[in-house]
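The primary structure of each chain is shown beneath.
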Amino acid sequence: MTAAPRLSIRGLRCAVARWPALDLAAGACAALAGPSGSGKSRLLRAIADLDPSEGELRLDGEARSAFAAHRWRRLVVYLPADSAWWAERVGDHLPAVEPQTLAALGFAEDVVGWSVQRLSSGERSRLALARAVALGPKALLLDEPTANLDAATTAAVEGVVEERRAAGLAAVWVTHDPAQAERLGAQRYALRDGVAEAAEALA
Ligand SMILES: Nc1ncnc2c1ncn2[C@@H]1O[C@H](COP(=O)(O)OP(=O)(O)OP(=O)(O)O)[C@@H](O)[C@H]1O
């Protein structure tokens, strides 16, 4: 018997955009591109059930409706471009983070004692990734996670996600960089006129 996709989408519709169909096997990645304001973030938020939407979402074959909302959001995690920080110390946000994840993202263990106030935007986005993967999601929805990072830090971020993909994580990654989509070995989608279609269908 063939395993159900880790994440599948049929007829997803949010306020501003649609994603007709996506099947992502465990470990697979979809890259989503599209003009600014076209609805990429809104679609990711809909997949994570953070915004209302219509259509069918399944995780390992099980419909979203079979999950309590908080459980779906823990398994299908949205990593926003601008991360939110609510407590004073970094460590308060990262109770379950693994030291090797911090190290892979370029931090020493003492980062947990840092004040959130001092973090640069790149440090915030890397630590937000550490926080997201520490939740142990089955699907991770990354909203331009490397948009403001240098090449070495971008490689570190890609490496952490790759490692989780090797353990079965499915990823949807918003990127405008075709070279990054290539490195990720991603299925490519483009959002045009409010519809996310496989990029080859648009050629
Ligand atoms: N809460 C909201 N209510 C109504 N419209 C919204 C809301 N949030 C975003 N929008 C609008 O929906 C559209 C899509 O926004 P979205 O943030 O998904 O774009 P995006 O493709 O991710 O853009 P960018 O690449 O600039 O981040 C935009 O026109 C935006 O102004």
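Definitions and limits used
- All residue numbers refer to position in the chain's written sequence, counted from 1.
- Two thresholds apply to this predicted model, a pLDDT of at least 70 for residue-level local features and 80 or more for giving and counting side-chain atom pairs, whereas whole-chain, interface and lining totals are computed over all residues.
- The basis for the side-chain values is all heavy atoms of the structure; hydrogens and waters are excluded.
- One heavy atom within 4 Å of a molecule or strand makes the whole residue count as near it.
- Side-chain atoms alone can form a polar contact between residues adjacent in sequence; in general such a contact is a pair of N or O atoms within 3.5 Å, and within protein one must be able to donate a hydrogen while the other accepts it.
- Side-chain classes follow a simple rule in which Ala, Val, Leu, Ile, Met, Phe, Trp, Tyr, Cys and Pro form the nonpolar group, Asp, Glu, Lys and Arg form the charged group, and the remainder, Gly included, forms the polar group.
- By convention, a stacked pair of Phe, Tyr or Trp rings (six-membered ring in the case of Trp) has centres within 6.5 Å and planes under 30 degrees apart, an edge-to-face pair has planes over 60 apart, and any other such pair is tilted.
- Burial status follows relative accessibility: with a 1.4 Å probe on protein chains alone, a residue under 20% of its type maximum counts as buried, one over 50% as exposed, and anything between as partly exposed.
- Any Lys NZ or Arg CZ that is within 6 Å of a ring centre and within 35 degrees of that ring's normal is treated as a charge sitting over the ring.

Engineer: Got a sec to walk through the site of the ligand? Specific residues and values, please.
Structural biologist: With respect to spatial proximity, the complete set of residues near the ligand consists of Val16, Pro35, Ser36, Gly37, Ser38, Gly39, Lys40, Ser41, Arg42 and Glu144. The side chain of Ser36 places a nitrogen or oxygen atom 2.6 Å from an oxygen atom of the ligand. The contact in question runs from an oxygen atom of the ligand to an N or O atom on the backbone of Gly39, over 3.0 Å. Split by residue class, the shell around the ligand holds two nonpolar, five polar and three charged.

Engineer: Outline the packing of aromatic side chains, listing residues and values.
Structural biologist: Going through the model one piece at a time under the given rule, you end up with three aromatic pairs. Ring geometry for Phe67 against Trp72: centres 5.1 Å apart, planes inclined by 75°, an arrangement best described as edge-to-face. Take Phe67 and Trp72: they sit in the same class, and that class is buried. Arranged with centres 6.1 Å apart and planes meeting at 80°, the rings of Phe107 and Trp114 form a pair that is edge-to-face. Positioned over the ring face of Trp114 is Arg118, at 3.5 Å from the centre of the ring. Over the face of the ring belonging to Trp85 we find Arg131, whose NZ or CZ atom lies 4.5 Å from the ring centre.

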